[in-house]
Amino acid sequence: MDSVSALREPLRKVVGDRTAKVLADHLDLHTVGDLLHHYPRRYAERGELTRLADLPLDEHVTVVARVAKAEKKTYNHGRGVRLEVQVTDGSGTLTLVFFNKAAHFHHTRLVPGSRGMFAGKVTVFNRARQLAHPDYQLLDDASGQEARDAVDAFAGKLLPLYPACKQIASWQIAQCVQTVLDSIDWTDVADPLPERLRERRALATLPEALRKVHRPATKADIAAARDRLKWDEAFVLQVALARRRAADASLPATARVPRADGLLAAFDARLPFTLTDGQRTVCAEVFADLATEHPMHRLLQGEVGSGKTLVALRAMLAVVDSGGQAALLAPTEVLAQQHHRSITEMMGDLAEAGMLGGSELGTKVVLLTGSMGAAARRAALLDLVTGEAGIVIGTHALIEDKVAFHDLGLVVVDEQHRFGVEQRDALRGKGKQPPHLLVMTATPIPRTVAMTVFGDLETSVLDQLPAGRSPVASHVVPAKDKPHFLSRAWERVREEVEGGHQAYVVCPRIGDDEDAADAEGARGAKGAKASGKEADADGPDDGERRPAPAVLEVAEQLAAGPLKGLRVEALHGRMAPDAKDDVMRRFSAGEVDVLVATTVIEVGVNVPNATVMMIMDADRFGVSQLHQLRGRVGRGSAPGLCLLVTEAPEASPARPRLEAVAATLDGFELSRVDLEQRREGDVLGQAQSGTRSSLRMLAVIDDAEVIEAAREEAGALVAEDPRLSAHPDLLTALDALVDASREGYLEKG
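These remarks concern the structure in this document. (Residues numbered from 1 in each chain as written. Predicted model: local features only at pLDDT ≥ 70, side-chain atom pairs only at ≥ 80, totals over all residues. Heavy atoms only, no water.)

Across the interface, helix 22 (residues 623–630) lies against helix 23 (residues 654–663) with an axial gap of 10 Å and an inter-helix angle of 35°. Judged by the sense of rotation from one axis to the other, the crossing of helix 22 with helix 23 is right-handed. Here helix 22 contributes Val623, Leu626 and Arg630 to the contact with helix 23, which in turn contributes Arg657, Leu658, Val661 and Ala662. (Axes fitted to C-alpha atoms, helices over the stretch in contact; angles between N-to-C directions. Helix = DSSP H or I, 4+ residues; strand = E, 2+ residues; numbered from the N terminus. Left-handed = near helix turned anticlockwise from the far one by under 90°. Contact = heavy atoms within 4.5 Å.)

Quick look at the structure:
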């Protein structure tokens, strides 16, 4: 029997085929180890043994009493059944109540004269104290010392409550766990944490931690188990990332150093502004990485509008200077077109190599998207394979097999969270040697999240806004509670337009025949819900709530109503690419006053003259997304205004979320709020947001110290023993915790 066979044992051998099938199908639990790592979400306390005469209200208690009478009653016109059981201990009486199926089941057990222990929370109904659906254990067969021992064991016990589902209840999972705990051979359970580390950090062994987390005698047991199990998750993850960093560092790459009198120098000489201190620092970090003969793996994160695109462009120009090519991968056509337009404008004749009036130092900047015409596409592909185009900007179309490069030296990925790792890897695989990688995100990430989710990347942060950016005032507009606030909001939009400015109005859905959220952009009314409880978080399902405002309907209503006489246009992801580009060009040129759009304009869109961002049903969007949208205004010299329109009542959970967005422009602070609501996501898998998390015990915000310490320990261990040959149990744990798909993620990232 190998050292971890106990945890790899199939559950069906321990709990039976039928129960094992339910656990596998509905909770993804297949082995003994899976079940033992399915930790209690909380613990119910039975409370101290109490006489009925002394029952405290609203507290958990355990009583020993005899059943005086038990009576079934109907309610709701006979459709419901309630069992009322009156018990007494001589000092007073108490009512136990059970409903429907439970009423029928317990009626056969709680017969008058039977004696037992009953535990629950004391409440009052019709002036009588009661316990609803109490835990209990009958004592009829026990007498004397045996009964006293049973009472001592029952009262005050901590009861684990497990994440469950409709098909299997928490108490049934608890029974399965107890069966496993009683049957497992703990000598066959290996411990992945090296002994020296465990002793240095005063951590429990794994068998001890698993026993204590599922069968705690005291709250101290729970704390000790949690401390150890958090370390397991943090350490194994950080070892995986440390090994990947080490493997990346050993790969060959072409060093890319710009020429002193080349394209980058010519571009810098034409910049009409000076770089911020932050941009200079980050550019130095990026250029130092590019100059090495190992591929750069760097995450560039920063506030909305902090100038990440300029940093990325300078990196691309440095690579072109050295004879290579650079590719910028954008998540949407609108954003790819916007990047292409802004980069060619910034570069001027430096982007027109081979064209009349083009600079001798210049290069071609090519756009490649899936909807381009055949002739334009052929020309772009030819420019890439011959090396004529030094810079290509595109969408997923860049990843297709027929796209080939002359010498791909740098891949820049914009809005990394929109891409699967396989997509990123497919583009990186087009280089003769591994190209350098720069990942950009405008969603600020707390340091501990970056260390966990992007632990393989070096991180650069831009937290300084360029000169000329204006402050943005944000306000929540409670449209349902105070409809006159909404009327005033539309007046503010009109005032801004009449003052020579422009406005965005964002809606969660398109409103065409398919009536769905924008396919390109974001979590709308339905999309947000699917991606992690961000939409409609405050109550009824979409089916019970009025439909989300739609772009096409709102644009029509505004043009005929509160914004009549203004130039109102619609933009969404399912428009033809040429039509989308035309609308954006005219909006950028000031020929459109109000752009009613889906979140297709969430990132990258840069219109300095736009000063108002009005977000309809803002409660349907996540915190980070609202911050991104707000970043579209205040990009020029005039102050920006962001209006978060909501019909969510003041007492709903959505309102504090909106108030948090309105209260601060600090994206890092907002990302913490966002993370607390959504959890970390599956940090080892592709879904890097949402409620499904591979971290069962560890919370990356609360457990920052554990993560940092684990990262330090993991780095030292991997440096000393890269193959983990002296740590076979840790290697096995990596195989178990980092399953095949996640291992692929780590290998490819």
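Ordered by their spatial adjacency, six strands build an open sheet running 16-21-20-17-19-18, and the pairing between neighbours is parallel. With one partner strand each, in any of the chains shown, strand 16 (472–478) and strand 18 (568–571) form the two edges of the open sheet. Each strand axis lies, on average, 20° off the axis of its neighbour in the sheet, ignoring direction. As judged from the four bridges shared by strand 20 (residues 610–615) and strand 21 (residues 640–646), these two strands associate in the parallel manner. Of the residues in strand 21, the one forming a bridge with Met613 is Cys642. This element, helix 21 (residues 577–588), spans strand 17 (502–506), strand 18, strand 19 (594–597) and strand 20 of the sheet and lies at about 140° to strand 18. Strands in contact with helix 23 are strand 16 and strand 21; relative to strand 16, the strand with the most contacts, it is inclined by about 160°. (Pairing = 2+ DSSP bridges.)

Attention now goes to helix 11 (residues 263–270). Buried residues of helix 11: Leu263, Leu264, Ala266 and Phe267, and no others. Axial view of helix 11: buried residues confined to an arc of 160°, hence all on one face. (Buried < 20%, exposed > 50% of the residue type's maximum accessible area, 1.4 Å probe, protein only. Arc of directions from axis to C-beta.)

Once that is clear, we can look at the pattern of salt bridges. In this structure the tally under the stated criterion is 37 salt bridges. A salt bridge links Glu84 to Arg82, with the shortest nitrogen-to-oxygen separation between them at 3.0 Å. According to the relative accessible area criterion, Arg82 is buried, its value standing at 19%. Between Arg259 and Asp321 there is a salt bridge whose closest N-O contact spans 3.8 Å. Of this pair, Arg259 sits in the loop between helix 10 (219–249) and helix 11 while Asp321 sits in helix 13 (residues 308–321); the two residues are 62 residues apart in sequence, bridging distant segments of the chain. Connected through salt bridges with shared partners, the residues Arg488, Glu491, Arg492, Glu495 and Glu496 form a single ionic network. (Salt bridge = Lys/Arg side-chain N within 4 Å of Asp/Glu carboxyl O.)

Another aspect to go through is the pairing of strand 12 (residues 389–394). Burial runs high along strand 12: six of the six residues are buried. The pairing of strand 10 (residues 325–329) with strand 12 spans four bridges and is parallel. Opposite Leu328, over in strand 12, you have Ile393 as the bridge partner. Judged from the five bridges that link them, strand 11 (residues 364–368) and strand 12 form a sheet pairing that is parallel. From the neighbouring strand, Leu368 faces strand 12, where its bridge partner is Gly394.

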